[in-house]
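Tertiary structure, described
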Amino acid sequence: MKKSEWQERFLETVSSCSSEGMEAVEYIRARRIHIGMMRARKSVGAFWTLTRAAYLNSAHYSRESSLVNPGAWALLIHEVRHLQQGPLTAFSIYGELDAWKYQFQVLKKLTGKQLGPEYEEILSLPLNMERGNLQRARRLMTQIAGKSYGANFLPLYPIHKEIGYWLTGRKS
């Protein structure tokens, strides 16, 4: 299957899987975001770039498998969430928690199945700026994806808010 044919089929599949998928694909099309496959480290299922692109990790997915795998669809929706957040929020545990919760909600909706205990705990965490909550989210992300995922390198808050916290000792 040619790359352009796969891209169109994949976007059609994601768009038709759920309202969240439809919104993600509308965002992709409106902003001309490139969708593709690229090899990345094993702990990463998909990723986005500052150059307006989102990629599935070809170590985990093929063009064919991505067309039938709800996990791949939910991952694309997760990456689009980061693009919507913008880099300041996306490069934080707060942004990751938002995207992980959204991804797992969509995945549960698509599969109708309960997720593993760590995934369900991520879903149960409130999306707020409480440092203890974000530290728990970081630990869960590392449990799920492994240390090489990189959650330990992200600030808890979006960086401009994290700097404000460092300077004042208070969340903004």
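Quick note: structure is the one above.
The structure reproduced in this document is the subject of the present report. (Residues numbered from 1 in each chain as written. Predicted model: local features only at pLDDT ≥ 70, side-chain atom pairs only at ≥ 80, totals over all residues. Heavy atoms only, no water.)

Focus: the sheet that holds strand β2 (residues 46-49)
Defined as follows: In this analysis, strands are considered paired if DSSP registers two or more bridges between them. For helices the rule is a DSSP run of H or I covering at least 4 residues; for strands it is a run of E covering at least 2, with both sets numbered from the N terminus onward. Axes, fitted as lines to C-alpha atoms, cover a helix only where it is in contact. Angles between the N-to-C directions of the axes lie from 0 to 180 degrees. Contacts are residue-level and defined by heavy atoms, with any inter-residue pair within 4.5 Å sufficient.
On the basis of which strands lie adjacent, the open sheet formed by three strands has the order β1-β3-β2 and mixed pairing. The strands lining the two open edges of the sheet, one partner per strand, are β1 (34-38) and β2. Going from strand to strand, the sheet's axes swing by 25 degrees on average, the running direction of each strand aside. Where β1 and strand β3 (residues 53-57) come together, five bridges link them in parallel fashion. When the sheet's bridge partners are listed, glycine 36 is paired in β3 with tyrosine 55. Sheet contacts for helix α1 (residues 3-17): β1 and β3; angle to β1, the most-contacted strand, approximately 110 degrees.

Concerning helix α8 (residues 131-145)
Threshold: One less than the residue count of a helix, multiplied by 1.5 Å, gives the span that helix is expected to have. Exposure classes here rest on a 1.4 Å probe applied to the protein chains alone. A residue is buried below 20% of its type maximum, exposed above 50%, and partly exposed in between.
The end-to-end C-alpha distance of α8 is 21 Å, a good match for the 21 Å that 15 residues give at a rise of 1.5 Å each. Taken together, the buried positions of α8 are occupied by Arg131, Asn133, Leu134, Ala137, Arg138, Leu140, Met141, Thr142 and Ala145. Once α8 finishes, glycine 146 follows within two positions and takes phi at roughly 95 degrees, a positive value.

Some words on the nonpolar core
This is how the line gets drawn: Throughout this description, the term nonpolar core refers to a set of buried Ala, Val, Leu, Ile, Met, Phe, Trp, Tyr and Cys residues connected via side-chain atoms within 4.5 Å.
With 48 residues, the main nonpolar core has Phe10, Ile35, Leu56, Leu76, Ile93 and Met141 as its most contacted residues. Going through the elements one at a time, α1, α2 (19-30), β2, β3, α4 (70-85), α6 (93-111), α7 (117-124) and α8 are the ones with two or more residues in this core. Considering every element that reaches this core, the biggest residue donor is α4, with eight residues. If near-sequence neighbours (up to four positions away) are discounted, leucine 56 is found in contact with Trp6, Phe10, Gly36, Met37, Met38, Gly45, Ala46, Tyr61, Ser66, Ala72 and Leu75.

Focus on the packing of aromatic side chains
Which entries qualify depends on this criterion: Two aromatic rings, drawn from Phe, Tyr or Trp (for Trp, its six-membered ring), form a pair once their centres lie within 6.5 Å of each other, and the interplanar angle then sorts them: stacked below 30 degrees, edge-to-face above 60, tilted otherwise.
Under the definition given, this model contains seven aromatic pairs. Both rings, one in tryptophan 100 and one in phenylalanine 104, keep their centres 5.6 Å apart while their planes meet at 75 degrees; by these two values the pair is edge-to-face. Taken together, the positions of tryptophan 100 and phenylalanine 104, both in helix α6 and four residues apart, correspond to about one turn of that helix. Classification of tryptophan 100 by relative accessible area gives buried; the value is 5%. For the ring pair phenylalanine 104 and tyrosine 119, a centre distance of 5.0 Å and an interplane angle of 70 degrees mean the geometry is edge-to-face.

As for unusual backbone geometry
Working note: non-glycine residues mostly have negative phi, and peptide bonds are mostly trans. Residues other than glycine seldom take positive phi values, yet arginine 32 does so here, at roughly 50 degrees. Residue position: arginine 32 is located in the loop between α2 and β1. In this model, arginine 52 sits at a positive phi of 60 degrees, which is unusual for a non-glycine residue.

This is a description of form; function is not addressed.
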